[in-house]
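Notes for the structure review
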Amino acid sequence: MRKIGLIGTSALFLLAGMAAPAGARQEKQQEKTKPAQQQQAKPEKQQQAQAPKQQQQQQQAQAPKQQQQRQQQQAQAPKQQQQQRQQQDSAAKQQQQRQQQQATGQQDQQRQQRQQQNNSARQQQQQQAKGQQDQQRQQRQQQDNRSARQRSPEQVRVQQVAWQGDRAHSWQSEHRTWQQRGGYDGYRVPDDRFRGYYGQNHGFRIDILPVMYVGGQRRFQYGGYWFGLIDPWPEYWSDDWYDSDDLYVDYYGDGYYLYNRSHPGDRIAISFYVD
């Protein structure tokens, strides 16, 4: 029993000796870690202390840039305003141009409508005037026809004798055109008057026209003007062609001519006179 007690007491001392060095080692390790922790804490405190300075430095470094940006924005503001004004001016000009185009289009349309109305009114007036002229011409022709039917046989014989004096023996060799005569040098009928009374659409009988003699030459009145035959009439025309054939006066190339519808290839040179 005494041995066991000794062994137990020895074990206890042994354990206590082992524990003492272990505790001393822990204390030493703690003492070693304290400076490291203190060293780690110092940079953190330094960083915390330096953080405001860095922010201030960054702010100070960024301040010129921000100021430069503000200056640039302020410098660009007039340009932007100018661009906006230019865009507004351009839009206003375009709007004005569109309005002018619309106004011009309306004016053109109104002008065309007025022209159409004027042309229509002018055509109606011309048609009315032509109708009146045709009616007057028909009335004159009817009166002339009645006068011709009222002629006595003696008057008819006298007319035939008078016309025979102007008959050609060989018309192809006796007649001459105005070009062969050196050109027409008589009175020229105004174009509007000529279109109203002369040409292929205005036929007449020559023997029923008013007649007068000037220097032995007969002159006939038609369409408000007097004209006389310069050429003899062809010998192969009928004896009463002046009373039976449909005639008309037209301008051909170089002067005025009398045409006979029964002999369309022949034309007799005539000349107009004012009085």
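Structure report, in brief. (Residues numbered from 1 in each chain as written. Predicted model: local features only at pLDDT ≥ 70, side-chain atom pairs only at ≥ 80, totals over all residues. Heavy atoms only, no water.)

Notes on the side chain of Thr-177
You can see Thr-177 is positioned in the loop between helix H3 (171-174) and helix H4 (191-197). Residue Thr-177 is classed as buried on the basis of its relative accessible area, which comes to 16%. In contact with Thr-177, not counting residues within four places along its chain, are Asp-254, Tyr-257 and Arg-267. (Helix = DSSP H or I, 4+ residues; strand = E, 2+ residues; numbered from the N terminus. Buried < 20%, exposed > 50% of the residue type's maximum accessible area, 1.4 Å probe, protein only. Contact = heavy atoms within 4.5 Å.)

What to know about the sheet that holds strand S6 (residues 263-273)
The strand order S1-S2-S3-S6-S5-S4 describes an open sheet built from six strands, whose pairing is antiparallel. Each having just a single partner strand, strand S1 (211-214) and strand S4 (247-252) make up the two edges of the open sheet. Adjacent strand axes in the sheet meet at a mean angle of 40 degrees when their direction is disregarded. Pairing of S1 with strand S2 (residues 217-222) involves four bridges; the strand directions are antiparallel. Within the sheet, the bridge partner assigned to Val-214 lies in S2 and is Gln-217. (Pairing = 2+ DSSP bridges. Axes fitted to C-alpha atoms, helices over the stretch in contact; angles between N-to-C directions.)

Thoughts on the environment of Tyr-184
Mapped onto the fold, Tyr-184 is located in the loop between H3 and H4. Taking the C-alpha atoms as reference points, Tyr-184 and Tyr-256, 72 residues apart in sequence, are found 7.8 Å from one another. Excluding residues within four positions of it along the chain, Tyr-184 makes contact with Trp-178, Asp-254, Gly-255, Tyr-256, Ile-270, Ser-271 and Phe-272. A polar side-chain atom of Tyr-184 sits 3.0 Å from the main-chain amide nitrogen of Phe-272. (Polar contact = N/O pair within 3.5 Å; in protein donor to acceptor, adjacent residues only side chain to side chain.)

Remarks on the pairing of S6
In the sheet, strand S3 (residues 225-229) pairs with S6 via four bridges, with the strands oriented antiparallel. Across the sheet, the residue bridging to Leu-229 is Ile-270, located in S6. By the bridge criterion, four bridges tie strand S5 (residues 255-260) to S6 in an arrangement that is antiparallel. In the sheet register, Tyr-259 faces S6, and the bridge partner there is Arg-267. Hairpin connection, S5 to S6: the antiparallel pair is bridged by two residues.

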